[in-house]
Amino acid sequence: MQNRPDQYYSAWLPAITGLLFLGAASVGSGAPASDPLLDLFIQKGFVTQQEAEKVKAEADAIRSRTNNEAMPNPEGSKWKLSTGIKSVELFGDIRMRFENRQAQDAQANQIKLNRLRYSVRLGLRGEVFDDYYYGVRLDTGPNPRSAWVSMGTSSSGAPFQGPFGKSTAGINVGQAYVGWRLAPWMDVTVGKMANPLYTTAMVWDSDINPEGVAERFKYTVGEADFFATFGQFLYQDTNPTTTSFGFFNFGQAHNNLPFLLAWQAGMDYHLTKSLSVKVAPVLYNYTGRGANNTVNSEIPGFNGTFIGQGGTNGPGSPGASGFPNGFYDGFIANQTGINDLLVLEIPFELNAKFDKFNVRLFGDYAQNLHGGQRADAAFAGVSRAFVPDNTGFIVPISSSQRQDTKAYQIGLAFANKGALGLATGSICQKHAWEVRTYWQHIEQYALDPNLLDSDFFEGRANMEGLYAALAYGLTDNMIGTIRYGFADRINDQLGTGGSNQDIPQINPIKHYSILQFDVTFRF
């Protein structure tokens, strides 16, 4: 066989190469499928070991070149993918809602909202070669805490654009990020991303997509899955950070970019195959304070001292609420200040799986370690307040309420097998159901008021109450959900500080309730 003519070898070589390529293509990129074929040719004496290795190298080169070329387009489709994209996924949802929301002050004056609403979230995500990934999502609403748009509102304002107009809906970038998986146990994400932290709605509204950088780590030891997440999120762009006198119609500027820094470490421990516990403390620190705002500014003042008191004394005097059109947003009645915040949060859950249903006991505890200083600053701000005539008044504080620095949540979710998360929209399957409820208590100086869930309970601090939800999977893509919540003020000496845009006119809120009926199409 070693003395066969060259034409004999040249006749077999293309056939062998073609068979190797077809065999490898049938199983993806795995080369081992071609090894038995090579062994057979060597055993029969058709090729030598050296010739077989040459053929394999040529087949690998053909396969590599084919994988990196654009896919053929036999049907005339206009959809083409860049050669650098490894995978792409279309995702998002279309949601319809009826909502009843009510707030009442201490004098029984109230505001009630009955709204029909909709939202659309549409995105693409996937992977590119060399362990990179990406994502982008568009939302209908500009509010960072809500993608919802109210039906019928386009008939108001100037110019007149109704009925059935489109002026209140928009196309807004909800997510835009890229990431890199440096190792199986580490990845880094940069941009506007889904919240990478394990947390609850008590601390973070689930619609908020923080902006900045996040590093995630994970490692498994026995029955314990350890993980850590670190975030450096830009809170507000305050540029120019520095300017000489005379530019921009103001004096010298020395602004610090405010960042929200998060450090989380946690563990998901599998006690048995059907029982697990998860806990992950996280510490939040704020650097910088943001830009100053002028008197009568409609922009929330992160730089100002958080007061949170409000000044509602019946109809006609909501001006001191401070958002969005308060007379001194930046100091006297500021609802959005991030001064004196060093928050320790401890979210947890206990999961139990049974033959036909799953149960989750979950909760959260948080405390502002600088809450006493935050309370002192609020008391001093009210004491120095100057309020113009006929604009309402700041509710006085008898003393600094230094004890109001804690928040907690405790809840229970009950669902049929594999359906936990249906009420929050994280999963969907036909005929699945979930019942979820929790009790929540947030004191005035415990948390960042700008991150609180805008629905339950109106994005306010100094409120406590009950939340309940029932969800049912109408199809594998459709979810029907009913939610209800009510809350009351905790400390009658304080306002209900917060910056939500739904009912900003009442502060303090004495009683609050919300009822929602949702239909969601997920894809």
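Residues numbered from 1 in each chain as written. Predicted model: local features only at pLDDT ≥ 70, side-chain atom pairs only at ≥ 80, totals over all residues. Heavy atoms only, no water.

**Q** Which residues make up the confidence of the model for the chain, and what values do they have?
**A** Within the chain, residue pLDDT values average 83, and 76% of them lie at 70 or more. Low pLDDT, under 50, characterises residues 1–10; the stretch is placed with 10 contacts to residues that sit more than four places away or in other chains. Every residue in residues 293–298 is under pLDDT 50, and counting partners more than four places away or in other chains gives 12 contacts. (pLDDT = per-residue confidence, 0-100. Contact = heavy atoms within 4.5 Å.)

**Q** Requested: an account of the pattern of salt bridges, with residues and values cited.
**A** Within the structure shown, the criterion is met by 24 salt bridges. A salt bridge links Arg436 to Glu434, with the shortest nitrogen-to-oxygen separation between them at 2.9 Å. Here the two residues Arg436 and Glu434 agree in accessibility, since each one is buried. In this structure, the salt-bridge partner of Asp518 is Arg483, at a minimum N-O distance of 2.7 Å. With Asp518 in strand 20 (residues 511–522) and Arg483 in strand 19 (residues 478–489), this pair connects stretches of sequence that are 35 residues apart. Across this residue pair, the class does not change: Asp518 and Arg483 are buried. Put simply, Arg97, Glu99, Arg101, Arg115, Asp455, Glu458, Arg483, Asp502 and Asp518 are held in one network by salt bridges that share partners. (Salt bridge = Lys/Arg side-chain N within 4 Å of Asp/Glu carboxyl O. Buried < 20%, exposed > 50% of the residue type's maximum accessible area, 1.4 Å probe, protein only. Helix = DSSP H or I, 4+ residues; strand = E, 2+ residues; numbered from the N terminus.)

**Q** Which residues make up the nonpolar core, and what values do they have?
**A** Across soluble globular proteins, nonpolar side chains show a tendency to be buried alongside one another. Within the largest apolar cluster, 28 residues are counted, with the highest numbers of intra-cluster contacts made by Trp204, Leu260, Tyr284, Tyr286 and Leu447. Of all the secondary-structure elements, those providing two or more residues to this core are strand 11 (259–272) and strand 13 (282–287). It is strand 13 that contributes the most residues to this core, 3 residues altogether. Counting residues in each nonpolar core, the second largest holds 24 residues, with Phe362, Ala413, Ala432 and Ile503 among its members. (Core = buried A, V, L, I, M, F, W, Y, C linked by side-chain atoms within 4.5 Å.)

**Q** Explain the environment of Gln444 to me, and be specific about the residues and the numbers.
**A** Residue position: Gln444 is located in the loop between strand 17 (433–442) and strand 18 (463–473). With 41 residues separating them in the primary sequence, Gln444 and Gln403 have C-alpha atoms 9.5 Å apart. Once residues within four sequence positions are removed from consideration, Gln444 is found in contact with Phe306, Ile307, Gly308, Gln309, Asp404, Ala461, Asn462, Leu494, Gly495, Thr496 and Gly497. Separated by 3.3 Å, the side chain of Gln444 and the backbone oxygen of Gly495 make a polar contact. (Polar contact = N/O pair within 3.5 Å; in protein donor to acceptor, adjacent residues only side chain to side chain.)

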